[in-house]
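Here's the letter readout for the chains.
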Amino acid sequence: MNMEQEIKALFNEQIIKTGAVQFGVEMENLTFIGAWQNFIYEYEKDEACYILRFTPSSHRSKDQITGELDWILYLAKNGISVSKPIRSTQGKYTELIYGEDTYFTVASFVKAEGNKLGYPECLHDNQLYQELGRMTGKMHALSKSYKPQSESTRRHDWTHNYYLQNMRRFVPLEQSLVHESSDKLIKRIKDTLSKSDHCYGLIHGDIGVGNFVVNNGDITLFDFDEAQYSWFIEDIAIQLYYLVYVYGGEEGKDKRVEQAHRFMSYFLRGYTQYNTFEEEWLKLIPLFLQLREIIVYTGMYRSSDLTKLNPWARDYLSQSKERIEKWLPIVNIWT
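Let me begin by describing the structure that accompanies this report. Quick caveat: nothing in here was measured; it's all calculated off a predicted structure.

1. A look at the side chain of Gln290
Checked against the element boundaries, Gln290 lands in helix H10 (residues 285-303). In contact with Gln290, other than residues within four places in its own chain, are Leu185, Trp327, Leu328 and Pro329.

2. A short note on the pattern of salt bridges
Here the idea is simple: oppositely charged side chains can pair when their charged atoms come close. Per the counting criterion, the structure on display carries 16 salt bridges. A salt bridge links Asp206 to Arg292; its shortest N-O distance comes to 3.4 Å. Of the two residues, Asp206 sits in the loop between strand E7 (200-203) and strand E8 (212-215) while Arg292 sits in helix H10, which places them 86 residues apart along the sequence. In this structure, Asp206 and Arg292 share a single accessibility class: buried. With its nearest N and O atoms 2.8 Å apart, the salt bridge here joins Glu258 to Arg262. Of the two residues, Glu258 and Arg262 are both situated in helix H9 (residues 253-271); the distance of four residues between them amounts to about one turn of the helix. Through salt bridges with shared partners, one network takes in Arg60, Asp225 and Glu226.

3. Here's the deal with a negative patch on the surface
Together, Glu250, Glu251, Asp254 and Asp315 make up a region of like negative charge exposed at the surface. Within the secondary structure, Asp315 sits in helix H11 (residues 311-326). Note on Asp315: relative accessible area 43%, which makes it partly exposed.

4. A word on unusual backbone geometry
In terms of backbone geometry, most residues other than glycine have negative phi values and most peptide bonds are trans. Between Tyr119 and the following residue, Pro120, the backbone shows a cis peptide bond with an omega angle of 5 degrees. Summarising the element assignment, Pro120 is placed in the loop between strand E6 (102-110) and helix H4 (126-143). At Asn216, a position not held by glycine, the phi torsion is positive, near 55 degrees. With respect to the element layout, Asn216 can be found in the loop between E8 and strand E9 (218-221).

5. Observations regarding the packing of aromatic side chains
Tallied over the entire structure, the rule returns 28 aromatic pairs. Pairing Tyr200 with Trp231 gives two aromatic rings, centres 4.9 Å apart and planes at 80 degrees, and the pair type is edge-to-face. With Tyr200 in strand E7 and Trp231 in strand E10 (residues 228-231), the pair connects residues that are 31 residues apart, well separated along the chain. Residue Trp231 is classed as buried on the basis of its relative accessible area, which comes to 0%.

6. Examining the environment of Ala313
Following the sequence through the fold, Ala313 ends up in helix H11. Taking relative accessible area as the criterion, Ala313 reaches 8% and is therefore assigned buried. Sequence spacing of Ala313 and Met300 is 13 residues, and the spatial spacing of their C-alpha atoms is 9.0 Å.

7. Overview of the side chain of Thr66
With respect to the helices and strands, Thr66 occurs in helix H3 (residues 62-77). Other than its neighbours up to four places away in sequence, Thr66 contacts Thr94, Gln149 and Thr153.

8. Quick word on the nonpolar core
One broad trend across soluble globular proteins is that nonpolar side chains are buried collectively. Judged by nonpolar contacts, the single largest core of 88 residues is most densely connected at Trp231, Leu240 and Ile285. With eleven residues, H10 is the largest single contributor of residues to this core. Non-local contacts of Ile285, meaning those with residues more than four positions away in its chain, are made with Ile233, Ile236, Ala237, Leu240, Met264 and Trp334. Within the second largest apolar cluster, 16 residues are counted, among which are Ala20, Tyr50, Phe54 and Val106.

Definitions and limits used
Residues numbered from 1 in each chain as written. Predicted model: local features only at pLDDT ≥ 70, side-chain atom pairs only at ≥ 80, totals over all residues. Heavy atoms only, no water. Helix = DSSP H or I, 4+ residues; strand = E, 2+ residues; numbered from the N terminus. Contact = heavy atoms within 4.5 Å. Salt bridge = Lys/Arg side-chain N within 4 Å of Asp/Glu carboxyl O. Buried < 20%, exposed > 50% of the residue type's maximum accessible area, 1.4 Å probe, protein only. Patch = residues over 30% accessible without salt bridge, like charges linked within 9 Å, V, L, I, M, F, W, Y side chains within 5 Å. Areas by Shrake-Rupley, 256 points an atom, 1.4 Å probe, with all protein chains shown as cover. Lys, Arg positive; Asp, Glu negative; His and termini not counted. Charge placed at Lys NZ, Arg CZ, Asp CG, Glu CD. Phe/Tyr/Trp six-rings, centres within 6.5 Å; stacked < 30°, edge-to-face > 60°. Core = buried A, V, L, I, M, F, W, Y, C linked by side-chain atoms within 4.5 Å.

Read these as layout, nothing more, since geometry by itself doesn't imply function.
What follows is the structure, given as structure tokens:
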């Protein structure tokens, strides 16, 4: 039994019931949404919708989650539309439930109002890209003045990303070239890039179409579980990656280039209203596209039944492996 299976075995009805009561809701009023690294439920209370999240200590400690929630509250206080945490019946943002050799941190959030944009409707939405730019630029500008509550609640550095830390656990070791190329990329980023406050700070770390909703053109951001200290340009590269990776193979190459030009043009119009950086940083986006590719590739090995992949996912995995091995970003419009 691997760690994920062990955690799922420990996550029982009593834990769910206890967590629900701590936030003033009955267990039968919870609707299960999913389990990735956290266990997520939805519920209604006083004619409003909320999210209830259970996080095993093997994934995040209570201090790490406290740091996440403090960051969210700071952004909300300064005008970013986010899914805000709410207090428990005891007036706390986090509650702990202890189990066998582990504990779960329970937190609840106001469910973001609006619509998720899926594929393909998000692929040619220039207004969306400009609004994403405004939101991201404002968030990065705020990051420059953000101070964590304490060193113990400070969020992790980018090198402690779950997938980068566990790549050798999930990706077969016989894929030696994948591992060698990944190590080389991480070392290059670590050893060569400046960490000045102008370009490096706390970022969301996973902005994709699944982690925000749109309501009358306004974006509300949620799922800050991957919030980490990294270069601001990584937050931009992540968004670009998720808007080009759907175009597969050689036949998709021109579409990836076209989409990259479209996204960056409109995104930067919004972004530069609130934050700026030197032009040289744009030329580093391909490095961070490669980094995101490694993370997504590892995630597929962690969470997918590779014998049941649909044709797109099967092709993507093959093409992704080749790009990683050959040190190629999924798209490059900066050379």
